[in-house]
Every structure is written in structure tokens, then in C-alpha cells.
Amino acid sequence: MDSKINKNGKYLIAWLPGDGVGVDVLDATKIVLDKVNLNAEYIHGDIGWEFWCKEGDAFPVRTIDLLKKVDAAMFGAITSKPVKTAEAELVSELKGKGLTYRSPIVRMRQLFDLYDCLRPCKGYPNNPLNYKEGIDLVVFRENTEDLYAGVEFNPVPANVAAVLAQESKPFAPFKDLRGDEYAISVKVNTRKGCERIVRAAFDFARKFGRKKVTVVHKANVVRATDGLFLDTAREVARGYPEIQMDEANVDAICMWLLKNPLSYDVLVAPNLYGDIISDLCAQMVGGLGFACSGNIGEKLAVFEPSHGSAPKYAGLYKVNPIASILAAKMMLDWLGEELKGAAVEKAVAEVVKEGKVRTYDMGGSNTTLEIGEAIAAKI
Ligand code: IPM
Ligand code: MG
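Everything quoted here is computed from the prediction, not taken from an experiment. (Residues numbered from 1 in each chain as written. Chains lettered and ligands numbered in written order. Predicted model: local features only at pLDDT ≥ 70, side-chain atom pairs only at ≥ 80, totals over all residues. Heavy atoms only, no water.)

Visitor: Got a minute to help me understand the overall build of the protein chain in this structure?
Guide: Check the secondary structure of the protein chain and you find 13 helices and twelve strands. The principal-axis extents of the C-alpha atoms in the protein chain amount to approximately 65 × 55 × 45 Å. Looking at the protein chain as a whole, 51% of its 379 residues are labelled buried. Counting contacts in the protein chain only where the partners sit at least 6 residues apart, residues at least 24 apart contribute 78% of the total. (Helix = DSSP H or I, 4+ residues; strand = E, 2+ residues; numbered from the N terminus. Buried < 20%, exposed > 50% of the residue type's maximum accessible area, 1.4 Å probe, protein only. Contact = heavy atoms within 4.5 Å.)

Next up, the structure:
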């Protein structure tokens, strides 16, 4: 990978805690990053519910500008609905002005073309939350298109309805409905989008000696878009003869993964199926406290724990920061600092294995920061 180091010899990292426990887990992550001595400048960026309520934009332009300058970003979590009554009032005021909330992370993925959502799900030995010992799955989720394309109609305008009327088959449940009696969300997949995520999965398999890539789809029903995904995957797979290409329907893979998680390896899926199966895989290796995620593009990558902001735990420093710390490990790898990344992962594995310092989800009573400190102490 090209060196991403900036002119002053320091990495520039945007630090985007967001809301709720996003702040707690990033505080613990900082303890670990400080310990590995990454030569970096961390620049705080405003993002989240607070800015939506105050400014009508949860992802302000100044934060977008910050992301244009940095090498990578660490992101916490974001609240997406009112927690207090006063906020509910602000939100209805914003709605009155015609503003609707859109998830900043989804916008960020699209704006910066962070097409590769990488979600490793590894069961660290002696984690009491492991579904089975030895699970080591890696999910590649397409991150910018599919049902997340943002092409949606509710109500359906007359011109769109007219096109549908021409195209639709005899069985069209919406045929005689008024535009305000139904809604449409468009699933858009491009050949380029399918190709690059499948390639990312196969490249990863090749680099790390993985044996099998399972392509997840529903092409038997969703013929156009998932058909394109599957056909493209078959073409890409031809360039990687040493890696087994496996195909699975999204519904079936949910059962098979639970039945026999050890027979899967790398999985690749369009956006929404990837969102769903990555939660399933994460739950098998400890749940939200272990689910880490990289949103990777050509120029920028944003790393995050996959969990939400858990407003009821905000500021209590109770939740497990390991997902966020593992996301920081992914960031180190992406920056080309693999030795530091490996040191972080080894320290996480040791702390999990010893089982002396644990947050409540793992049956312990330690705080978020104590986990960060225990992991840092192993480095
Ligand atoms: C995820 C989350 C997001 C998604 C939400 C918060 C918009 O579930 O990162 O998996 O749907 O992508
Ligand atoms: Mg999700």
C-alpha cells in the first residue's frame, strides 16, 4: 500500500465519537492507540444527533471538509431518534421546514465512495459469548448501492407510476392504487459496484490464504440486481482459481451459518444482505461488543464499531469497547502499520483469554476504560 503519511510525518486521523456510547468506546480506544505510539494527530469532528437538532445537519459541511484532509477516521456511533421530549419538538420543527434525517454514516459511505465494508468476525478463545470455538468469518459488504441507494418514493409521483404501469406484469399489487397508497425503494446495483466488492473479497482471500469465498444473493427471485451480482462474481472468481467460489441464497446462508459456522470463511454480499449477515456473524463471536467494521475507499477509510449509540448507557462507561478497539486495529492495518495492528489484536486476545477484566456483557463488572487499560497494558 502507498504510504499514507502526511507532510509532517504524522498521520492525520479524524476522531468522530458521535453520540451516546460512541464517546465511551472511543475514549477507551484512544488509550490503546496511545500505547502503540502511532505517530498521529487526532482531529475532533462534529457529527451526530446534537448537530441535527441544532443545525438541521447531523453531518455538517465542516466535518465533510475534515474528512477530505485526513488519512483515516475513527467513528463511534450515532443516535437517530429523539431521546428527550425537547428533542422530539425540535425534530418536528425541522420536519416542518421540510428537513428529514438521513444517517450520516450512510451518507459518508456514499460521499467518499467507501465501497468496501469489511467486517471480520473472529471468536477469540475463552470468550463466554462465543457460539462455538474457532469461528473466523470475514464479511465483505458492498457499501454504497443496492437498497441503500436512497432512491425512494413515498408517495409515488405520477411520472414514476406511469413508467411502472408500462413495465409491470399482470400481477402488480399497486396497479390501481393512488400514489399515496404505496411506496417504492429502488434497489440499484452496478456492474462496477458488484465487481469491486467481489474483487476485494477474493484479493483478501488470496492475500491471507483463505480457502473459500461464499457469494450471498437471492438471484432466484431478485433476478436483475442479484443476478448481476452473481454473474459478476462468477466472472471475477475465474481470476482466482486457487480459491473455491461458493454460492448461497441469503435466507439459506442464515441457517447454514448457524448450523455449521466453521465451514464458512469469507463471505461477500450486496449492501442490505451484507448488513444482515454481518450482524448474524457478529453475534456468533460475542455480539455488539466484538463487531468491528471498516468502511474502505480508495482514498479514505473510516473505522467503527458496528453497534449503535445505546443512549441509555451513554456516559456510564459500562459498554464493551473491544469492537471499537478492533476497529482501531483494522485502521492500523489499513495505514500500513500491520505490526501495531497485530500487537493490538494479540493484546485483545490475551485479555479475553484471561477473562479477568470484563464488561457486563461478558459477565464482568469492569468499566469501558478498564478494558482499554487492560488491553493497553498487554502491549
Ligand atoms: C451498520 C448499521 C447501519 C447500516 C445503520 C446505522 C444505518 O446497521 O453499519 O451495519 O444499516 O448500514
Ligand atoms: Mg447493520
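Let's pick the thread back up.
Visitor: Looking at this model, I keep getting lost on the domain arrangement of the protein chain. Mind explaining?
Guide: Where interface size is quoted, it is often the accessible area lost as the parts come together. With domains assigned, the protein chain is organised as domain 1 (1-119 + 291-379), domain 2 (131-137 + 187-284) and domain 3 (152-185). A straight line from the C-alpha centre of domain 2 to that of domain 3 covers 32 Å. (Domains from an automatic or database assignment.)

Visitor: Teacher, can you tell me more about the sheet that holds strand E1 (residues 11-18) here?
Guide: Pairing between sheet strands relies on hydrogen bonds along the backbone, with the strands arranged either parallel or antiparallel. Overall, mixed pairing links the ten strands, which are arranged E2-E1-E3-E12-E11-E4-E5-E10-E8-E9 in an open sheet. If you trace the sheet from one side to the other, it starts and ends with strand E2 (40-44) and strand E9 (244-249), each paired once. Averaged over all neighbouring strand pairs, the angle between strand axes comes to 20 degrees, with direction disregarded. Direction of pairing for E1 relative to E2: parallel, over a ladder of five bridges. Paired with Trp-15 across the two strands is His-44, which belongs to E2. Seen against the sheet, helix H1 (residues 21-35) touches E1, E2, strand E3 (72-77) and strand E12 (301-305) and runs at an angle of roughly 150 degrees to E1. (Pairing = 2+ DSSP bridges. Axes fitted to C-alpha atoms, helices over the stretch in contact; angles between N-to-C directions.)

Visitor: Got a minute to help me understand the pattern of salt bridges in this structure?
Guide: Pairs can form between side chains of opposite charge whenever their charged atoms are close. Overall, the coordinates contain 28 salt bridges when judged by the stated rule. Ionic contacts of the salt-bridge type, sharing partners, join the residues Lys-122, Lys-329, Asp-333 and Glu-345 into one network. (Salt bridge = Lys/Arg side-chain N within 4 Å of Asp/Glu carboxyl O.)

Visitor: Hey, could you run me through the site of ligand 1 in this one?
Guide: Taken together, Ser-103, Val-106, Arg-109, Arg-119, Arg-141, Tyr-148 and Asp-275 form the complete shell of residues around ligand 1. In this structure, Arg-119 approaches ligand 1 through a side-chain N or O atom, which is 2.8 Å from an oxygen atom. In the environment of ligand 1, an oxygen atom lies 2.6 Å from a nitrogen or oxygen atom belonging to the side chain of Tyr-148. Across the complex, the protein chains shield 68% of the 320 Å² of accessible surface that ligand 1 would expose by itself. For the shell around ligand 1, the residue count by class is two nonpolar, one polar and four charged. (Near = heavy atom within 4 Å. Polar contact = N/O pair within 3.5 Å; in protein donor to acceptor, adjacent residues only side chain to side chain. Areas by Shrake-Rupley, 256 points an atom, 1.4 Å probe, with all protein chains shown as cover. Nonpolar A, V, L, I, M, F, W, Y, C, P; charged D, E, K, R; others polar.)

Visitor: It is not clear to me how the packing of helix H11 (residues 322-334) against helix H12 (residues 338-354) should be interpreted in this structure. Could you clarify?
Guide: Two measures define how a pair of helices packs: the angle their axes make with one another and the distance between the axes. At a minimum axis separation of 7 Å, H11 and H12 run at an interaxial angle of 160 degrees. Overall, the two elements H11 and H12 adopt an arrangement that is roughly antiparallel. Judged by the sense of rotation from one axis to the other, the crossing of H11 with H12 is left-handed. From H11, Ile-322, Ile-325, Leu-326, Lys-329, Leu-332 and Asp-333 reach across to H12, where they touch Glu-338, Lys-340, Gly-341, Val-344, Glu-345, Val-348 and Val-352. Across the contact of H11 with H12, the residue classes break down as seven nonpolar, one polar and five charged. (Parallel < 35°, antiparallel > 145°, perpendicular 65-115°, else oblique. Left-handed = near helix turned anticlockwise from the far one by under 90°.)

Visitor: Can you walk me through the side chain of Asp-24 in this structure?
Guide: Of note, Asp-24 is situated in helix H1. Buried Asp-24, no salt bridge; nearest opposite-charge side chain is Lys-318, N-O distance 10 Å. Engagement of the side chain of Asp-24 in a polar contact is seen with the backbone nitrogen of Gly-315, the distance being 3.2 Å. For Asp-24, the residues in contact, after removing those within four places along its chain, are Tyr-313, Ala-314, Gly-315, Leu-316, Tyr-317, Thr-368 and Leu-369. (Lys, Arg positive; Asp, Glu negative; His and termini not counted.)

Visitor: How should the side chain of Thr-29 be read in this particular structure?
Guide: Assignment of secondary structure puts Thr-29 in helix H1. On the basis of relative accessibility, which here comes to 0%, the residue Thr-29 falls in the buried class. Side chain to side chain, Thr-29 and Ser-324 meet in a polar contact 2.6 Å long. Discounting chain neighbours no more than four positions away, the residues touching Thr-29 are Trp-15, Met-74, Pro-321, Ser-324, Ile-325 and Ala-328.

Visitor: Help me understand the packing of helix H7 (residues 191-207) against helix H8 (residues 223-237), please; the structure alone is not making it clear to me.
Guide: Between H7 and H8, whose axes approach to 9 Å, the crossing angle comes to 45 degrees. The angle between H7 and H8 falls in the class oblique. The two elements H7 and H8 cross, and the hand of that crossing is right-handed. Contacts between H7 and H8 involve Arg-191, Cys-194, Glu-195, Ile-197, Val-198, Arg-199 and Phe-202 from the first element and Leu-228, Phe-229, Thr-232, Ala-233, Glu-235, Val-236 and Ala-237 from the second. Along the lines of polarity and charge, the residues of the contact of H7 with H8 split into nine nonpolar, one polar and four charged.

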